[in-house]
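Overview (structure and organization)
If you want the building blocks of each chain, they are given just below.
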Amino acid sequence: MARTPPDQVFSLRVEMAVKLGVLALFMLFPLIVGYAVWRESAYQKVGEPVAQPIPFSHKHHAADDGIDCRYCHTTVEKAASAGIPPSKTCMNCHSQIWSNSPYLEPVRASYRDDEPLRWTRVHDLPDYVYFNHSAHVTRGVGCESCHGRIDQMVKVWQAKPLTMAWCVDCHRNPTPNLREPANVTVMGYQPRDGGEGQRVKDRLKINPPTDCTTCHR
Ligand code: HEC
Ligand code: HEC
Ligand code: HEC
Ligand code: HEC
Ligand code: HEC
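This text gives an overview of the structure that appears in the document. (Residues numbered from 1 in each chain as written. Chains lettered and ligands numbered in written order. Predicted model: local features only at pLDDT ≥ 70, side-chain atom pairs only at ≥ 80, totals over all residues.)

**Concerning the site of ligand 3**
Around ligand 3 lies a shell of 21 residues, among which S81, A82, H123, C143 and C146 are the nearest. Taken together, the elements giving at least two residues each to the shell around ligand 3 come down to α6 (133–137) and α7 (143–147). If you tally residues by element for the shell around ligand 3, the top one is α7, at 4 residues. In terms of residue class, the shell around ligand 3 is made up of 12 nonpolar, 8 polar and 1 charged. (Near = placed C-beta within 6 Å. Helix = DSSP H or I, 4+ residues; strand = E, 2+ residues; numbered from the N terminus. Nonpolar A, V, L, I, M, F, W, Y, C, P; charged D, E, K, R; others polar.)

Quick look at the structure:
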């Protein structure tokens, strides 16, 4: 009986391994595509209203009651972060109006016990990205360019993908998104005429950087 020489056994095994490897790649392909799609859509949560522990409504407060964004997001023009208001800010009004509403009990408790409210974050860039609000709003990029019509939202959702391509696209061509900086918190803004973006760009010498260290440092 002829025996298979040892080196032939080895090469058969190699051939088998290569075939299995190719097969595995084919089987993984849908997973790789699936991962890419998930990164772009589900993970980015665009358009999904986020539930909060208290039924706070931007539609009520910003549109119906006409409270400016900066009354609550006090650091948006000065710092990287816009800031979320402490319960003290809510109590400025709610110690007078709706002061017995059960909806507001968590706010009163938070104020009484000096325990911050725990809101669920809506926007959250990865830690390796550097973002700065003041760099945008003092240069005439309106809140709605990045957050959409917050004043129409009962629950806030992420309006834009917040991907790198989204940031860089605007950095390459900011003009359509520029307005007089005094108007950055106006929602549904209508520029006086088509030239406003260009005038603001020229006057403030706006030229957003696109080198990697701008956003990754
Ligand atoms: C009366 C206070 C108040 C006013 C006025 C207000 N906000 Fe807010 N904002 C909050 C609170 C509280 C939260 C956290 C709860 C939530 O997300 O709904 C919040 C959350 C947000 C978020 C989501 C933050 C996150 O977690 O990513 C954005 C964006 C935002 N506000 C933008 C605006 C804009 C733009 C305006 C003006 C049109 C505005 N807000 C006016 C109180 C306010
Ligand atoms: C400048 C005044 C003012 C401030 C500050 C304010 N509110 Fe209000 N809030 C109101 C008024 C006015 C209403 C009644 C709205 C209506 O019925 O049109 C209201 C209503 C509410 C309601 C009832 C549900 C609703 O939306 O109608 C909740 C809950 C609420 N506010 C939470 C908060 C929280 C949380 C904060 C702090 C982040 C806050 N408010 C800050 C004026 C204020
Ligand atoms: C150029 C785009 C852009 C503009 C303009 C902008 N935001 Fe934001 N905002 C973001 C991004 C991106 C985040 C998430 C930041 C993070 O995760 O570190 C964010 C987060 C927030 C938050 C959550 C708290 C924080 O600072 O992380 C609030 C509140 C907020 N924005 C309010 C505002 C308001 C109010 C304005 C207008 C006065 C505004 N934003 C203008 C892009 C923008
Ligand atoms: C809608 C337009 C727009 C979008 C979207 C946008 N930016 Fe900007 N960005 C600007 C403008 C305009 C400036 C101001 C440039 C200037 O002062 O010359 C700026 C400035 C900056 C600066 C400060 C640069 C410096 O050194 O002065 C950083 C950091 C930055 N952007 C990061 C981001 C990141 C990260 C994102 C995405 C999450 C983003 N931007 C999305 C328009 C935009
Ligand atoms: C204007 C801001 C901005 C600039 C400029 C920028 N990035 Fe990014 N980058 C981002 C943001 C925002 C993310 C996060 C995207 C996400 O979560 O989907 C990111 C993610 C990444 C990632 C993670 C992989 C991914 O795509 O999710 C890498 C790698 C990266 N950037 C490399 C670079 C390099 C290299 C450069 C220079 C050529 C650069 N970035 C310039 C904003 C920027």
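Let's pick the thread back up.
**Quick word on the site of ligand 4**
Neighbouring ligand 4 are 24 residues; A135, C167, C170, N177 and P208 lie closest to it. Every element with two or more residues in the shell around ligand 4 is listed here: α6, α7 and α8 (164–172). For the shell around ligand 4, the leading source of residues is α8, giving 4 residues. For the shell around ligand 4, the residue count by class is 16 nonpolar, 7 polar and 1 charged.

**With respect to the packing of helix α4 (residues 87–94) against helix α5 (residues 105–113)**
The interhelical angle for the contact between α4 and α5, taken along N-to-C directions, is 115 degrees, at an axis separation of 9 Å. Viewed along their axes, α4 and α5 form a crossing whose handedness is left-handed. Along its contact with α4, which presents S87, K88, C90, M91 and H94, the element α5 presents V107, S110 and Y111. The residue makeup of the contact of α4 with α5, split by class, is 4 nonpolar, 3 polar and 1 charged. (Axes fitted to C-alpha atoms, helices over the stretch in contact; angles between N-to-C directions. Left-handed = near helix turned anticlockwise from the far one by under 90°. Contact = placed C-beta atoms within 7 Å.)

**Side note on the environment of P209**
Of note, P209 is situated in the segment after α9 (196–204). Given 9 C-beta atoms within 10 Å, P209 falls into the exposed group. As a C-alpha pair, P209 and H171 span 38 residues in sequence and 6.6 Å in three-dimensional space. Setting aside residues no more than four positions away along its own chain, P209 makes contact with H171 and T214. (Buried ≥ 20, exposed ≤ 12 C-beta atoms within 10 Å, placed from the backbone.)

**Quick notes on the environment of E115**
Within the secondary structure, E115 is located in the loop between α5 and α6. Taking C-alpha positions, E115 is 8.9 Å from S87, a pair spaced 28 residues apart along the chain.

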